[in-house]
Amino acid sequence: QWDFRVYYSAAMTYERGLDPYDYDQREKVFPAPEMEFFYPPVSLHLFRPLTSLPYGTASLSWLALKLSALALLLLVWHRKFEPLNPRFPMVLFFLLAFSSALYRDLTTWNITIPEQLVLWLGFSFLLDRRYLAFALCVAIAAQFKLQPVVFLGLLLFADVRPRWIEA
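Quick caveat: nothing in here was measured; it's all calculated off a predicted structure.

## Some remarks on the overall build of the protein
Thought 1: Along its length, the protein carries 8 helices and 0 strands.
Thought 2: Reading the protein from its N end, one meets helices and strands in the order α-α-α-α-α-α-α-α.
Thought 3: Here the C-alpha coordinates of the protein stretch approximately 65 × 40 × 25 Å along the principal axes.
Thought 4: Counting only residues that meet the buried cut, the protein has 36% of its 167 residues in that class.

## Side note on helix α7 (residues 131–141)
Thought 1: When we look at burial in α7, the residues that qualify are Tyr131, Ala133, Phe134, Cys137, Val138 and Ala141. End-on, the buried residues of α7 take up no more than an arc of 165°, which puts them together on one face. Opposite its buried face, α7 presents the exposed residues Leu132 and Leu136, each directed more than 90 degrees away.
Thought 2: Tucked inside the fold, the buried residues of α7 contact α6 (112–127).

## Focus on the nonpolar core
Thought 1: The biggest cluster of nonpolar side chains holds 21 residues, and the ones touching the most others in it are Phe4, Tyr7, Tyr8, Phe37, Phe47, Trp62 and Ile111.
Thought 2: Only α1 (2–15), α3 (44–47) and α4 (55–81) provide two or more residues apiece to this core.
Thought 3: Ranked by residue count, the leading element in this core is α1, at 7 residues.
Thought 4: Setting aside anything within four residues of it in sequence, one finds Phe37 in contact with Val6, Tyr7, Ala10, Pro20, Tyr21, Arg26, Ser43 and Leu44.
Thought 5: Grouped together as the second largest cluster of nonpolar side chains are 11 residues, Phe123, Phe125, Ala141 and Ala158 included.

## Things to note about the pattern of salt bridges
Thought 1: A complete count under the given rule lists 3 salt bridges for this structure.
Thought 2: Note that Arg48 and Glu15 form a salt bridge whose closest N and O atoms lie 2.3 Å from each other. Taken together, the residues Arg48 in the loop between α3 and α4 and Glu15 in helix α1 connect sequence positions 33 residues apart.
Thought 3: Assessed through its relative accessible area of 39%, Glu15 is described here as partly exposed.

Calculation criteria
- Residues numbered from 1 in each chain as written.
- Predicted model: local features only at pLDDT ≥ 70, side-chain atom pairs only at ≥ 80, totals over all residues.
- Heavy atoms only, no water.
- Helix = DSSP H or I, 4+ residues; strand = E, 2+ residues; numbered from the N terminus.
- Buried < 20%, exposed > 50% of the residue type's maximum accessible area, 1.4 Å probe, protein only.
- Arc of directions from axis to C-beta.
- Contact = heavy atoms within 4.5 Å.
- Core = buried A, V, L, I, M, F, W, Y, C linked by side-chain atoms within 4.5 Å.
- Salt bridge = Lys/Arg side-chain N within 4 Å of Asp/Glu carboxyl O.

Structural data, given as structure tokens:
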């Protein structure tokens, strides 16, 4: 859970008016692994509500949020992209595919699952030709990791003709 400990520590440090990017200041507020907090300041607001809870409750709440986001992500995939088969081999595939990315995310408690939910919601908006909603989702996802910004380039290939012209 080292990633979540860093997020929690940074948010607590920020709450106390200290620099969440300074490891020494974070260490005084809440011990966390010696890792950099490198997300933009706006991302601290996501974790601020969790700082009002004891660490154990906050970490379980974060896990519950992540599992809920994973369920919504699978629902979006199933409804908008490819019907998913919930049999055991498929579940095992999702858990272990791509160098066990999902498993690693669940053990480190990284931000990846919520980020992916927002991105895939954006892709579904893109397919529905809801370009502003797509751009907003990409912008939200890019608050945590900057790489999703490149997906805005997909708008260069979007068909922007009004729907009434197609008839």
